[in-house]
Amino acid sequence: MIDRSPTQRLEGSPTVVLAHGYALDHRYWHYQADALVEAGYRVVLWDQRGHGRSTAAESHAYSIKGLGDDLALLISEMIPHGPIVLIGHSMGGMTVMAYAGSHLEEFAQRIVGVGLISTSAGDLDKVNWGLGERGGALLARGLTALVTTLCLIKPSSGASIRCVGRSSARCMGCPPTAPWCPRPNWR
């Protein structure tokens, strides 16, 4: 967990908690965290379960509800008092929604703002891209296989992979141990 406090905190300002997406880590929020701290906000970042420097769990322990419970624990330990703004990208947004669903009373009392970026509240398996049920299922399986295959190809094979976006920590789906998966330079 990383707790960044400004030298001059805005009086009564909420603490901002930034939750990263799948296959990323707390560094995804580098520029946003800098800007928020400069503006006078306390910022809390962390690596979600199985990401970045967090410890891995048994495969059965990974669930969106579990991530929501992790966020509840982070809040109770790092931000025991005061208003909070939660911002989540992709899986981080799902984490925020899971926290709200499982800890509704605490959520209602403490959370004064929520930002959800490129996320879903569920039923992604039902998105059919206008191709009907069977066509959508085929496209989803094909895209999943393509991403997995691309991220397992080593550069020595002549193929290249390029992540889009300066704040992407690694390609979506790349195993964190893949040394060939490109990563931006972080300060």
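Remember, it's a predicted structure, so these values are computed and weren't measured experimentally.

## Section: the sheet that holds strand E1 (residues 2-4)
Strand order in this open sheet of 5 strands is E1-E3-E2-E4-E5, and the pairing throughout is mixed. Among the strands making up the open sheet, the edge pair consists of E1 and strand E5 (111-117). Taken over all neighbouring pairs, the strand axes of this sheet differ in orientation by 15° on average, direction set aside. Pairing analysis gives 3 bridges linking strand E2 (residues 15-19) to strand E3 (residues 43-45), with the strands arranged parallel. Bridged to Leu-18 within E3 is Leu-45. Packed onto the sheet, helix H3 (residues 91-102) meets E2, strand E4 (84-89) and E5 and runs at close to 135° relative to E4.

## Comments concerning the nonpolar core
Formed by 16 residues in total, the largest nonpolar core has its most connected members in Val-17, Leu-71, Leu-74, Ile-75, Ile-84, Leu-86 and Tyr-99. Among the secondary structure elements, those contributing two or more residues to this core are E2, helix H2 (64-78), E4 and H3. The leading source of residues in this core is H2, at 4 residues. In contact with Ile-75, not counting residues within four places along its chain, are Pro-80, Ile-84, Leu-86, Tyr-99, Glu-106 and Arg-110. By size, the runner-up hydrophobic cluster in this structure holds 11 residues, among which are Leu-18, Tyr-28, Val-37 and Val-43.

## A short note on the side chain of Thr-15
Within the fold, Thr-15 resides in strand E2. For Thr-15, a relative accessible area of 2% gives the class buried. A distance of 3.1 Å separates polar atoms of two side chains, one belonging to Thr-15 and the other to Arg-9. With sequence-adjacent residues up to four places away left out, Thr-15 is seen in contact with Arg-9, Arg-42, Val-44, Ile-79, Pro-83, Ile-84 and Val-85.

Definitions and cut-offs
- Residues numbered from 1 in each chain as written.
- Predicted model: local features only at pLDDT ≥ 70, side-chain atom pairs only at ≥ 80, totals over all residues.
- Heavy atoms only, no water.
- Pairing = 2+ DSSP bridges.
- Helix = DSSP H or I, 4+ residues; strand = E, 2+ residues; numbered from the N terminus.
- Axes fitted to C-alpha atoms, helices over the stretch in contact; angles between N-to-C directions.
- Contact = heavy atoms within 4.5 Å.
- Core = buried A, V, L, I, M, F, W, Y, C linked by side-chain atoms within 4.5 Å.
- Buried < 20%, exposed > 50% of the residue type's maximum accessible area, 1.4 Å probe, protein only.
- Polar contact = N/O pair within 3.5 Å; in protein donor to acceptor, adjacent residues only side chain to side chain.

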